[in-house]
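# A closer look at the structure
So the chains spell out like this:
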Amino acid sequence: MVRHFLRDDDITPAEQRQIISRAIALKADRFAAQPLAGPQTVALLFDKPSTRTRVSFSVGVTELGGSPMVIQSGESQLGAKESIADTARVLERMVSAIVWRTFAQSNVDEMAAGTTVPVINSLTDEFHPCQLLADLQTITEHKGDPAGLTVTFVGDGSSNMANSYLIACAMAGMHVRVATPADHQPLADAVSSAQRIAGETGASVLVTDDVVAAVTGADVVVTDTWVSMGQEADKAARIATFTPYRVTPELFALADSAAIFLHCLPAYREYEVDAAVIDGPRSVIWDEAENRLHAQKALLEFLLTA
């Protein structure tokens with residue numbers, strides 16, 4: 001039966017640990033796995049601009065022995081003259097997997113429902129599960145087993161990153177906190193899923209507008225841009241809303257003395273985070289960015305051999 005990765009809980013906690021462990025192994029020996037030898041082709045669909053996602057998947061597919069085929073928005077009939085379901089049935093005859101960076105979560109859901117090859121959500125408006133695999137790999141490398149650690153996401157709780165952090169970190173057995181204004185809450189489904197998973201893994205879930213309480217004692221502090229693609233017209237209002245949630249040196253000092261800082265990038269210094277934090281000695285953003293490559297290779301191998 002074909003496996004897809006459309007949101008963070010499409011795998012089990014045990015499978016999540018397996019993928020992260022494999023990612024660390026592939027980082028140490030980058031050409032150890034060749035499940036796409038042939039070369040087989042992986043379709044990489046992009047409805048949004050991308051740096052890390054495009055580079056990491058293109059390089060990753062190549063290192064797995066395959067051939068990446070990048071299709072930018074407007075370069076195919078998808079979403080214009082041809083339905084998602086029909087596109088899925090065409091692609092499955094020619095490629096071994098489909099990776100899609102798009103807008104609505106329903107797009108990847110429909111693609112997966114219509115094909116017999118693995119579909120990977122490389123980012124939607126609702127979830128960013130590939131980023132969380134890389135982030136959990138980074139946490140594991142720097143802090144050891146994530147289970148029992150506290151991670152705090154600061155900023156826009158209604159973002160895809162906050163939704164994925166809730167679910168993925170609960171799966172990893174972490175105490176996950178989201179500090180966000182009351183009118184920028186995560187998806188109710190993401191919160192309820194995280195709470196259910198937390199009951200099984202020993203994790204805990206907290207969504208609060210009290211940023212000081214949320215950051216105090218945290219082992220990992222995370223933020224993301226306040227102005228995502230499509231929100232540029234609201235930039236001034238969003239900055240005013242989220243300024244109290246900026247990760248300053250003073251706020252970061254409330255975390256554990258050995259805490260690390262994560263940001264999925266691109267970052268806007270002196271907006272969501274001060275340069276002194278993101279460029280400081282406990283920032284691990286460059287490891288985090290590199291780990292997109294290794295985590296996604298491990299994910300592709302897992303899905304292709306499941």
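The structure this text deals with has already been given above.
Quick caveat, the model's predicted, so the values are computed rather than measured. Positions within a chain are numbered from 1, following the residues in the order the chain's sequence is written. In view of the model being predicted, local features appear only for residues whose pLDDT reaches at least 70, and side-chain atom pairs are presented and counted only at 80 or more, with totals across whole chains, interfaces and linings using the full set of residues. Each side-chain value is derived from all of the structure's non-hydrogen atoms; neither hydrogens nor water enter the calculation.

### What to know about the sheet that holds strand β2 (residues 67-72)
- A pair of strands is considered paired only if DSSP assigns at least 2 bridges between the two. Labels follow the DSSP assignment, with helices taken as runs of H or I lasting at least four residues and strands as runs of E lasting at least two, numbered in each case from the N terminus. If you trace the four strands from one edge of the open sheet to the other, you get β2-β1-β3-β4, paired in parallel fashion. In this open sheet, the two edge strands, each paired with only one partner strand, are β2 and β4 (119-123). Sheet twist, expressed as the average angle between the axes of neighbouring strands with direction ignored, equals 20°.
- As defined by bridge partners, strand β1 (residues 41-46) adjoins β2 across six bridges and the pair is classed as parallel. Within the sheet, the bridge partner assigned to leucine 45 lies in β2 and is isoleucine 71. Axis geometry follows a simple rule: fit a line to the C-alpha atoms, using only the stretch in contact for helices, then measure angles between N-to-C directions, giving values from 0 to 180 degrees.

### A short note on the packing of helix α3 (residues 84-91) against helix α4 (residues 105-113)
- At a minimum axis distance of 8 Å, the contact between α3 and α4 shows a crossing angle of 45°. With respect to α4, the element α3 is oriented oblique. Note that α3 runs across α4; the crossing there is right-handed. Judged by residue contacts, Ile84, Ala85, Thr87 and Ala88 of α3 engage Asn107, Glu110 and Met111 from α4.
- Of the residues belonging to the contact of α3 with α4, the class tally is four nonpolar, two polar and one charged. Angles below 35 degrees are treated as roughly parallel, those above 145 as roughly antiparallel, those between 65 and 115 as roughly perpendicular, and all remaining angles as oblique. Left-handed describes a crossing in which the near helix is turned anticlockwise from the far one by less than a right angle; the clockwise case is right-handed. Whether two residues touch is decided by their heavy atoms; if any such pair falls within 4.5 Å, the residues are in contact. Here the nonpolar group is Ala, Val, Leu, Ile, Met, Phe, Trp, Tyr, Cys and Pro; Asp, Glu, Lys and Arg are the charged ones; every other residue, Gly included, is treated as polar.

### Focus: the environment of isoleucine 20
- Within the secondary structure, isoleucine 20 sits in helix α1 (residues 13-28).
- Each residue's exposure class comes from its accessible area (1.4 Å probe, protein chains only) as a fraction of the maximum for that residue type: buried when under 20%, exposed when over 50%, partly exposed otherwise. The exposure class assigned to isoleucine 20 is buried, which follows from its relative accessible area of 9%.
- The sequence separation of isoleucine 20 and threonine 223 amounts to 203 residues, and the corresponding C-alpha distance is 21 Å.
- Excluding its chain neighbours within four sequence positions, the residues that come into contact with isoleucine 20 are Leu133, Leu136, Gln137 and Thr140.

Keep in mind these numbers describe shape, not what the thing actually does.
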